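Okay, here's what each chain looks like letter by letter:
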Amino acid sequence: MNKEYHPGVSPLEHAKRKQAEGREVNVEKAREETMAGLTDAIKATKRRIAENRSKGADITDLNKHLKGLERQLESAKR
């Protein structure tokens, strides 16, 4: 699968759109790329939560963001 960058669209979603158009794509590779990116984002968010918590900062928005990333990861696994 050639790298085509579309802001806000995961490689998996992009591959599914291409597949729906009848184009040949490797959906499993796109799924792996999406899951790897989400896993990295989850790790980075957890680090930011820990850093901000130690500073006594409000982490409400980060927790919401983390939950959203975790939902996206679960959805990508299906």
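Our structure's up above, just so we're on the same page.
Calculation criteria
Residues numbered from 1 in each chain as written. Predicted model: local features only at pLDDT ≥ 70, side-chain atom pairs only at ≥ 80, totals over all residues. Heavy atoms only, no water. Helix = DSSP H or I, 4+ residues; strand = E, 2+ residues; numbered from the N terminus. Rg over C-alpha atoms; globule rule 2.2 N^0.38 Å. Buried < 20%, exposed > 50% of the residue type's maximum accessible area, 1.4 Å probe, protein only. Contact = heavy atoms within 4.5 Å. Lys, Arg positive; Asp, Glu negative; His and termini not counted. Charge placed at Lys NZ, Arg CZ, Asp CG, Glu CD.

Student: Which residues make up the overall build of the protein, and what values go with them?
Tutor: The helix and strand tally for the protein stands at three helices and zero strands. Counting from the amino terminus, the protein carries its helices and strands in the arrangement α-α-α. At 15 Å, the protein has a C-alpha radius of gyration far larger than the 12 Å of a compact globule built from 78 residues. Projected onto its principal axes, the C-alpha positions of the protein cover 50 × 20 × 15 Å. Here the protein, with 78 residues, has 27% of them falling under the buried criterion. Pairs at least 24 residues apart make up 45% of the contacts formed inside the protein by residues separated by at least 6 positions. For the protein, the distance from the average position of its 18 positive side-chain charges to the average position of its 13 negative side-chain charges is 4 Å.

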